[in-house]
Amino acid sequence: MSVIESLTLMLALVYLASLNYWSGKKWGALATILLTASAVATSLYWPLALGFILALTFAAILHKFAPASLKGEVKINTLRQTSQHILALSLFLVAIQYTINTLLLKQGITPWLTRPDVVDAFLPIAGGIELKAIISLNLWDQTHPAAAVMLAAVLLTGLICKRAFCGWSCPLGLAGEYLYALRKRVISAELAPPAWLDWPLRMLKYLLLLALCYIVIGMPTQAIPYYLQGNYHKIADVKMALFFVTPGIITLICFGAILALAAWRRQGFCRYLCPYGALLGVLSFASPLKIRRNPQHCLIEAKGMKCDKCTRACPANIVVHTQTTVRSDECQACMRCVAACPKSPALGFALKSGQRVSHKGLLALILLVLFALPLLAYLNGFWHSQTPDYIRMELIPIIERIGH
Ligand code: SF4
Ligand code: SF4
């Protein structure tokens, strides 16, 4: 685990403890800090210890100069955007570190910068095959273990809190928001497609998901060990990186189309093309937490007023003000509708029983799943790739000839 991964992980867990503490869950806070401290101590790994110390220092500084942000007592949209930007910054630094590491390997130089294993999160097919290997063969891949860990963590967020991963963590979603805002500055008109076209377009991402599932499910179980030991799997991350860094003309056209889509329609990529979003959308039907409207408090039924502020705030075009429960697979649990509601008891992210989860609680859930699971995996030796640098060095020059 690299320094930037360790620091991000420790910042997330210390912040999780802080959210627990200031929400009155003192035992939860104590357990989080004690478990994190013991994980750091048992790992005997200096980047984790450094990350822990820095995270505690940062928390102390926030407590002195910006206590509201440490307590999560900021507006819903501020908390969500801050979380998105910090995670995006961390991934940006990870991408730089990975690029340097790979360039050094390409030149035959033993890297002085560790390969950040979290980049394997961008290998969802490999992650799916690895999860299948664990379930069907009890075979734990040691080439890209972080791919399975991150896929499992993201899927778990879908089961627990709908597409909150998309709304609160995904850097692509954030980039899409910026592109859309930029386009709106130039052409202010809303360019959403008509409803008859919107639905078939939304189904595109499910077709892509089906194609990816076909690769994973269609691979015969007995072939999995050979795939996981093969050179293609060993170098899959570099192949993926080359795909982005040295794109061909077709790839460039596809990238251009994706960027245009994101700029054209708010959340266009998430809504129409992202297979991860499709997978989380399917899982989100099982999520016990959903946006729920309470007609007893909503201004429409309670006061006979006209109100649709929740609907107008929704970036996914979900008609919230006429439903009691938002079940839509497009709901990213972003809570913009909750932030826009003038009557706070009327709308919330809640269980069927009515028990609500605040924006702080939702962020705490996301941090717990996305960061505690990788830490646990790391402590159990299932995070760091065991492929030695010399093998990667040997494979990179012949990468074009390596197929699966
Ligand atoms: S319904 Fe609410 S939480 Fe869901 S996407 Fe729309 S604004 Fe976000
Ligand atoms: S914004 Fe609140 S009060 Fe208005 S319709 Fe939506 S839930 Fe009801």
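For clarity, every value in this text was computed on a predicted model and none was experimentally measured.

1. Notes on the site of ligand 2
Looking at ligand 2, the residues that line it are R293, C298, L299, I300, C307, K309, C310, H321, C341 and P342. The residue inventory of the shell around ligand 2, partitioned by class, reads seven nonpolar, one polar and two charged.

2. Structural notes on the sheet that holds strand β1 (residues 290-293)
Here we have four strands laid out as an open sheet, ordered β2-β1-β3-β4, and antiparallel in their pairing. Edge positions in the open sheet fall to β2 (325-326) and β4 (356-357), since each of these has one partner strand only. With two bridges joining them, β1 and β2 adopt antiparallel strand pairing. If you follow I291 over to β2, its bridge partner there is V326.

3. Some remarks on the domain arrangement of the protein
When the domains of the protein are assigned, the result is domain 1 (1-73), domain 2 (74-282 + 361-401) and domain 3 (290-350). For domain 1 and domain 2, the distance between their C-alpha centroids amounts to 25 Å. With 21 residues of domain 1 at the interface, the matching set in domain 2 holds 23 residues. Taken together, the two surfaces of domain 1 and domain 2 that pack against each other cover about 1800 Å², and 77% of this comes from carbon and sulfur. When the area that domain 1 buries against domain 2 is broken down by residue, the three leading residues are M1, I4 and E5, summing to 30%. Across the domain 1-domain 2 interface, the total number found is zero salt bridges. When residues of the side of domain 1 that touches domain 2 are traced back to their parent elements, those giving at least two are α1 (3-22), α2 (26-43) and α4 (67-71).

Reading guide: rules and limits
- Residues numbered from 1 in each chain as written.
- Chains lettered and ligands numbered in written order.
- Predicted model: local features only at pLDDT ≥ 70, side-chain atom pairs only at ≥ 80, totals over all residues.
- Heavy atoms only, no water.
- Near = heavy atom within 4 Å.
- Nonpolar A, V, L, I, M, F, W, Y, C, P; charged D, E, K, R; others polar.
- Pairing = 2+ DSSP bridges.
- Helix = DSSP H or I, 4+ residues; strand = E, 2+ residues; numbered from the N terminus.
- Domains from an automatic or database assignment.
- Contact = heavy atoms within 4.5 Å.
- Buried area = accessible area lost by both parts, 1.4 Å probe.
- Salt bridge = Lys/Arg side-chain N within 4 Å of Asp/Glu carboxyl O.

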